[in-house]
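Spelled out from the first residue to the last, the chains are:
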Amino acid sequence: MVADCGANCARWLLCLANFIFICVSTGVLIVGTWLAADKASFINLTLNITTSNYSPASPFVSEDAEKILKEFVEPAVIEQAAYILIAAGAFILVISFLGYCGAIKESRVLLTAYGIFLIIIFALQVALILLCTLYKSQADHHSKGFLKSTLSKYYTTGENKDAVTLSWDLIMAQMSCCGVDGYEDFRTARLFVEKSSAEGLGRQVPESCCILTGDPLLSKPADPSCIISPTQSNSFLSTGCYDKFSFMVTENLNLVIGVVVVVAATQLLAIIFSFCLCRAVGQERDYHYKY
């Protein structure tokens with residue numbers, strides 16, 4: 001064990017932080033694996049826990065909340081979420097395991113691997129920020145292209161909505177916007193156009209593009225005719241979500257910078273602590289080897 005006070009502090013801080021991340025990532029990984037292996041039991045358990053008359057949560061779950069919950073535990077949504085949870089949980093678990101074991105065992109190999117992984121992640125984040133800043137117009141173009149492709153390929157309406165559709169509905173309802181650049185994006189949404197034609201209502205936009213009443217998650221238009229005849233007074237047909245998001249970032253730039261600085265500082269501290277502890281362990285072993 002290293003005798004240096006600073007190195008010991010770094011050691012136990014790394015142990016504590018990475019142990020917390022190991023616990024969280026393990027939980028995420030277990031849930032993701034459960035969803036991938038047997039999503040039916042997860043859906044039944046979730047609905048039973050929240051909607052049963054004997055559940056402790058039942059007094060707090062209204063009919064509206066129950067409807068929202070049932071949408072989010074549709075099999076299509078669960079299946080897509082499972083793989084995201086597995087990937088995220090496994091990635092965080094591997095890195096946290098390196099940091100925790102390296103610190104608790106004072107292993108220079110594991111600490112070095114942990115530090116290198118963090119340097120790579122930090123460098124990728126810095127590179128991404130620089131590229132988005134230097135090539136803003138190209139970044140905007142490619143980002144809009146990607147978002148529009150998710151609408152055109154996956155967005156639908158009616159029953160059995162998938163994760164992409166629910167995510168877009170949530171974004172549009174909460175941000176009071178419509179599509180990437182406006183309502184015209186839905187004219188190229190293949191599944192949406194097919195389902196709208198099958199409905200026979202002459203639908204032009206989804207409910208989430210309308211001015212809503214009640215809980216935004218329920219997507220209940222204040223004007224029922226909005227989905228057929230959207231106007232500036234009953235919908236957000238000309239307000240694109242991309243521009244709305246850019247405006248929100250600009251309006252809260254200080255908060256965004258603060259979050260980026262905190263995240264960057266945390267990563268830098270972890271990198272510094274890992275290499276300082278690695279150096280202290282090496283010096284301690286050299287000392288014992290010599291004397």
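In what follows, the structure referred to is the one given above.
Residues numbered from 1 in each chain as written. Predicted model: local features only at pLDDT ≥ 70, side-chain atom pairs only at ≥ 80, totals over all residues. Heavy atoms only, no water.

Structural notes on the overall build of the protein chain
So the rule is basically this: Note on conventions: DSSP H or I runs of at least 4 residues are helices, E runs of at least 2 residues are strands, and numbering of each starts at the N terminus. Partly exposed describes any residue whose relative accessible area lies between the buried limit of under 20% and the exposed limit of over 50%, with all areas from a 1.4 Å probe on protein chains only and scaled to the type maximum. Note on definitions: a residue-residue contact is assigned when non-hydrogen atoms from the two residues lie within 4.5 Å. Computed by Shrake-Rupley with a 1.4 Å probe, the accessible areas treat only the displayed protein chains as cover when residues are assessed.
Scanning the protein chain for helices and strands turns up ten helices and zero strands. Listing every helix and strand of the protein chain by position from the N terminus yields α-α-α-α-α-α-α-α-α-α. Put simply, the protein chain has 291 residues, and 31% of those count as buried. When contacts within the protein chain are restricted to residue pairs at least 6 apart in sequence, long-range pairs at least 24 apart make up 69% of them. Accessible surface, the protein chain as shown: approximately 17,400 Å² in total, 67% of it carbon and sulfur.

Here's the deal with the state of the cysteines
The cut-off we apply is this: Disulfide assignment relies on a single distance test, namely cysteine sulfur atoms paired within 2.5 Å.
Taken as a whole and assessed by the stated rule, the structure comprises three disulfides. For Cys178, the disulfide goes to Cys209, at an S-S distance of 2.1 Å. On the S-S bond that ties Cys178 to Cys209, the torsion sits near 85°, and the link is right-handed. In this pair, Cys178 is assigned in the loop between α7 (163–175) and α8 (190–199) and Cys209 in the loop between α8 and α9 (241–251), connecting sequence segments 31 residues apart. Across the pair, Cys209 and Cys178 agree in class, each one buried. The disulfide that involves Cys210 links it to Cys226, with 2.0 Å between the sulfurs. On the sign convention where negative means left-handed, the S-S torsion of about -100° between Cys210 and Cys226 marks this disulfide as left-handed. Residue Cys210 is found in the loop between α8 and α9, and its partner Cys226 is found in the loop between α8 and α9; the two are separated by 16 residues along the sequence. An identical accessibility class is assigned to Cys210 and Cys226; each is buried. The connectivity of the disulfide bonds within the protein chain can be written as 1-6, 2-3, 4-5, using the sequence rank of each bonded cysteine. Of the cysteine sulfurs around Cys278, a residue in no disulfide, the closest is that of Cys276, at 9.9 Å.

What about α7?
Along an α-helix, a turn takes 3.6 residues, which lines up residues three or four apart on a common side. To keep things clear, this is the line we draw: Helix span, expected: 1.5 Å multiplied by one less than the number of residues in the helix.
Helix length check: α7 (13 residues) gives 18 Å between terminal C-alpha atoms against 18 Å at 1.5 Å per residue, within 8%. Of the residues one or two after α7, Ser176 is the one with positive phi, at around 55°.

Some points on the nonpolar core
To keep things clear, this is the line we draw: Side-chain atoms within 4.5 Å link the members of a nonpolar core, which is a set of buried Ala, Val, Leu, Ile, Met, Phe, Trp, Tyr and Cys residues.
The biggest cluster of nonpolar side chains holds 18 residues, and the ones touching the most others in it are Leu151, Tyr155, Trp168, Met172, Phe186 and Cys209. Contributing elements (two or more residues each) for this core: α7 and α9. For this core, the leading source of residues is α7, giving three residues. Ignoring anything within four residues of it in the chain, the contact list for Cys209 reads Met172, Cys177, Cys178, Gly179, Phe186, Ser235 and Phe236. Counting residues in each nonpolar core, the second largest holds 15 residues, with Cys15, Leu98, Leu118 and Ala270 among its members.

Describing the pattern of salt bridges
Cut-off, in case you're wondering: Salt bridge, as used here: a side-chain nitrogen of Lys or Arg that lies within 4 Å of a carboxyl oxygen of Asp or Glu.
Considering all chains together, one arrives at eight salt bridges under this definition. For Asp185, the salt bridge identified is with Lys148, shortest N-O distance 3.8 Å. Of the two residues, Asp185 sits in the loop between α7 and α8 while Lys148 sits in helix α6 (residues 136–154), which places them 37 residues apart along the sequence. We classify Asp185 as buried; its relative accessible area is 10%.

Here we look at unusual backbone geometry
A positive phi angle, close to 55°, is found at Glu106, a residue other than glycine. Looking at where Glu106 falls in the secondary structure, it is placed in the loop between α4 (75–104) and α5 (108–134). Positive phi outside glycine occurs at Ser176, with the angle close to 55°. Turning to its location among the elements, Ser176 is positioned in the loop between α7 and α8. Since its relative accessible area comes to 24%, Ser176 is described here as partly exposed.

So, a nonpolar patch on the surface
Heads up, the condition is: The patches reported here contain residues having more than 30% relative accessible area and no salt bridge. Joining distances are 9 Å for like charges and 5 Å for nonpolar side chains (Val, Leu, Ile, Met, Phe, Trp, Tyr).
Together, Ile129, Leu253, Val256, Ile257, Val260 and Val261 make up an exposed nonpolar region whose accessible area comes to about 470 Å². Sorting elements by how many residues they give to the nonpolar patch places helix α10 (residues 253–290) first, with five residues. Mapped onto the elements, Val261 comes out in helix α10. The exposure class assigned to Val261 is partly exposed, which follows from its relative accessible area of 49%.

Considering the packing of aromatic side chains
Describing an aromatic ring pair means giving the distance of the ring centres and the angle of the ring planes. Stated formally: When two rings of Phe, Tyr or Trp (its six-membered ring) have centres within 6.5 Å they constitute a pair, described as stacked for plane angles under 30 degrees, edge-to-face for angles over 60, and tilted for the intermediate range. Placement of a positive charge over a ring is assigned whenever Lys NZ or Arg CZ falls within 6 Å of the ring centre and within 35 degrees of the normal to the ring plane.
Counting across every chain of the model gives four aromatic pairs. Each ring, one from Tyr155 and one from Phe192, has its centre 5.9 Å from the other, and the planes form 50°; the classification is tilted. With Tyr155 in the loop between α6 and α7 and Phe192 in helix α8, this pair connects stretches of sequence that are 37 residues apart. Residues Phe186 and Phe192 carry aromatic rings whose centres are separated by 5.4 Å and whose planes lie at 55° to one another, so their mutual orientation is tilted. Connected via pairs of aromatic rings, a cluster forms that spans Tyr155, Phe186 and Phe192. A cation sits over an aromatic face here: Arg11 above Trp12, 4.7 Å from the ring centre.

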